[in-house]
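Chains, contacts and geometry: an overview
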Amino acid sequence: PAADWAFGDCSSTPFPGTLTKLQLCLKGGFQPDFIYEFIYTAKDPLILGLGLAATRDLVSFFRYNETDDAGAPNPLAGAITAAIGEGQSQAGRFLRTFLDLGFNQDEYRNLVFDGATPHIAGQGIPVNVRFGQPDRASGQRENALYPSPDSPPTWAPTLDPLARRLAGNADACRETLSCPKIFHTVSSTEFWQGRMSLNITDALGQRDVALPDFVRLYHFASTQHTPTTSNSTGMCQQLQNPAPFFELRRALLIALERWVLTGVEPPPSRYPTLAAGTLVPPDAKSVNWPALPGIRYNGLLSTMYVRDYGAEFDARRLSGIISQEPPRVGAPYTMLVPKLDADGNELGGLRSPSIQAPRGTHTGWALRRAGFGENELCGLTGSYIPFRATRADRLAANDPRPSIEERYPTPAAYAAAVETAANELLKAGYLLPEDAARLIAAAR
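The paragraphs below set out a description of the structure included in this document. (Residues numbered from 1 in each chain as written. Predicted model: local features only at pLDDT ≥ 70, side-chain atom pairs only at ≥ 80, totals over all residues. Heavy atoms only, no water.)

Structural notes on the overall build of the protein
Within the protein, the regular secondary structure consists of 11 helices and 17 strands. What you see for the protein is a C-alpha radius of gyration of 24 Å, in line with the 22 Å of a compact globule of 444 residues. With respect to the three principal axes, the spread of C-alpha positions in the protein is 70 × 65 × 45 Å. By residue count, 48% of the 444 residues in the protein fall in the buried class. (Helix = DSSP H or I, 4+ residues; strand = E, 2+ residues; numbered from the N terminus. Rg over C-alpha atoms; globule rule 2.2 N^0.38 Å. Buried < 20%, exposed > 50% of the residue type's maximum accessible area, 1.4 Å probe, protein only.)

Pasting the structure below:
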């Protein structure tokens, strides 16, 4: 109610506090269990979409021009063979929007990027929106109604019966024959918080959508948005997920460069699909979640709905003016996630040696602990639930997963399992020789 909040500073003065235009005061105080959204009329928006044009023009200048418009020389003139665009998380979403809005062809119809690798980016970014805030990302809890693409984020054109449109992320570059070779790499968190399944299925989750021949997709199974070295839970219920994907990504970056420069085909895409039975609904039975003592599983993920932000907003291109705030919310899309093996680790993607020779369960999701929105998704983190040390330990705890001593009777047995996994990935082109050797040596 309007009477329960005020512009004010209540840090030392009771509600309504000391008058200020820059702080909000709530009767009874703010609670960390809740999210408060303040909607107001603003002024003087920046033209954020210029960033797309600036990126296009700068890369084009370095590639093709001898001098700039004022006659200053291009320091890289004639030195560039090809250009690859790389972006992680929000920058990866920027790169996807760059392609979606047709910026990979310059004003003279030259190609801007020959290759592109959006990483841990399940969708585009609202950078071409009046009063856009490109540092925000829609998740299950945070920014749930903030603009994100309603149109199909599939790379190939897909019919969306909910939004009533036929679209794909590469439509613009296909029309102008300016599509780069694309490596799309994702963690497991993108399926739980980034609506990743809509990149590879139709809006109703009923059929797989094939990738165009210029796109490869690699899912780093059982990883979180960015692997952690932390040994804390923070505001989550479990330890964060340490499973790495850096070695796999290093090999893929080299493969993309080789594909762009020489045309050598990269390793096949690896991601879960409906056809293989590795992409499923998030309920415990469908996903094959092992009943772990003391661990809550609720299958919660970030759901996307058809949203109406008003007549001046172009949802297909994630561009324009938001006049309806909050938006009108319509039908939900169908979200799917990777299926699990008996240990609770994911199938269907690229499984690193840490997942093929595991020492615990690794997830792309985590739940918040009490006092912080308990049992809702905990940001962009995953969970790590270690195996018990001995058979006696796990039986006493009623843990269905084999213990460390049951899996690896000796240190040599563990090292052998890592070596087998690393060599398989090396042979298939998903691991560089120096990284395979380092991982094997570390296991030994």
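There is more to say, and it comes next.
Topic: helix α11 (residues 433–443)
An α-helix turns once per 3.6 residues; consequently, residues spaced three or four apart project the same way. All of the buried residues along α11 are D435, A436, L439, I440 and A443. In a view along the axis of α11, the buried residues occupy a sector of 130°, so they form one face of it. Facing away from the buried surface of α11 by more than 90 degrees, the exposed residues are P433 and A442. Residues of α11 that are buried make contact with α5 (246–262), α7 (353–356) and α10 (411–428). (Arc of directions from axis to C-beta. Contact = heavy atoms within 4.5 Å.)

Considering the pattern of salt bridges
Summed over all chains, the structure comprises 22 salt bridges. Between E86 and R249 there is a salt bridge whose closest N-O contact spans 2.7 Å. In this pair, E86 is assigned in strand β3 (residues 84–88) and R249 in helix α5, connecting sequence segments 163 residues apart. When its relative accessible area of 41% is taken as the criterion, E86 is described as partly exposed. Here R316 ties to D100 by a salt bridge, and the two come within 3.2 Å at their closest N and O atoms. (Salt bridge = Lys/Arg side-chain N within 4 Å of Asp/Glu carboxyl O.)

Looking at the sheet that holds strand β13 (residues 319–320)
Sheet architecture is open: three strands sit in the order β5-β13-β12, paired in mixed fashion. Strands at the two margins of the open sheet, each flanked by one partner only, are β5 (128–129) and β12 (313–314). Where β5 and β13 come together, two bridges link them in parallel fashion. When the bridges of β13 are listed, N128 appears paired with S319. (Pairing = 2+ DSSP bridges.)

Description of a nonpolar patch on the surface
A surface patch of nonpolar side chains, amounting to about 1,000 Å² of accessible area, comprises W5, F7, L19, L24, F30, F34, Y36, F38 and Y40. Only β1 (5–9) and β2 (18–26) provide two or more residues apiece to the nonpolar patch. Looking at the element boundaries, F7 is found in strand β1. (Patch = residues over 30% accessible without salt bridge, like charges linked within 9 Å, V, L, I, M, F, W, Y side chains within 5 Å. Areas by Shrake-Rupley, 256 points an atom, 1.4 Å probe, with all protein chains shown as cover.)

Side note on α10
Here α10 spans 26 Å end to end across 18 residues, near enough to the 26 Å set by a 1.5 Å rise per residue. Among the residues of α10, Y414, A415, V418, A421, A422 and L425 are the ones counted as buried. Projection of α10 onto a plane perpendicular to its axis shows the buried side chains occupying an angular sector of 130°, all on one side. Exposed side chains of α10 directed beyond 90 degrees from the buried face belong to A412 and K427. Those residues of α10 that are buried are in contact with α5, α7 and α11. (Expected span 1.5 Å × (residues − 1).)

Side note on the nonpolar core
Among the nonpolar cores identified, the biggest contains 28 residues, and F191, W192, V287, W289, Y333 and W365 are the most heavily contacted of them. Listing elements by their share of this core, those giving two or more residues are α4 (189–193) and β10 (279–280). When sequence neighbours within four positions are dropped, the list of residues in contact with F191 reads V186, M196, S197, I200, H219, P272, L279, L301, L336, V337 and P338. In terms of nonpolar packing, the next biggest core, distinct from the first, is built from 19 residues, L95, I125, V127 and W155 among them. (Core = buried A, V, L, I, M, F, W, Y, C linked by side-chain atoms within 4.5 Å.)

Section: the packing of aromatic side chains
Summed over all chains, the structure comprises 21 aromatic pairs. A ring pair is formed by F7 and F38, whose centres lie 5.9 Å apart and whose planes are at 80°; its orientation type is edge-to-face. A residue pair is termed long-range when its members are at least 10 positions apart, and F7 in strand β1 and F38 in the loop between β2 and α1 (50–64) qualify at 31 residues. A network of ring pairs unites the aromatic residues W5, F7, F38 and Y40 as a single cluster. Just above the ring of W259 sits the side chain of K181; from NZ or CZ to the centre is 5.7 Å. Positioned above the aromatic ring of F387, the side-chain terminus of R407 is 3.7 Å from the ring centre. (Phe/Tyr/Trp six-rings, centres within 6.5 Å; stacked < 30°, edge-to-face > 60°. Lys NZ or Arg CZ within 6 Å of the ring centre and 35° of its normal.)

A word on the pairing of strand β8 (residues 181–186)
Across the six residues of β8, five count as buried, placing the element largely inside the fold. Strand direction decides the pairing type here: strand β4 (residues 115–119) and β8, joined by three bridges, are parallel. Paired with A116 across the bridge in β8 is I182. Where β8 lies against strand β9 (residues 215–219), five bridges are found, and the strand directions are parallel. Opposite I182, over in β9, you have V215 as the bridge partner.

What about the side chain of E346?
Following the sequence through the fold, E346 ends up in the loop between β15 (337–338) and α7. Looking at E346, its side chain comes within polar contact range of the side chain of S188, at 2.5 Å. Of note is the side chain of E346, whose polar atom sits 3.2 Å from the side chain of H219. Beyond its immediate chain neighbours, meaning those up to four positions away, E346 contacts S188, W192, H219, A221, S222, P338, K339, L340 and R351. (Polar contact = N/O pair within 3.5 Å; in protein donor to acceptor, adjacent residues only side chain to side chain.)

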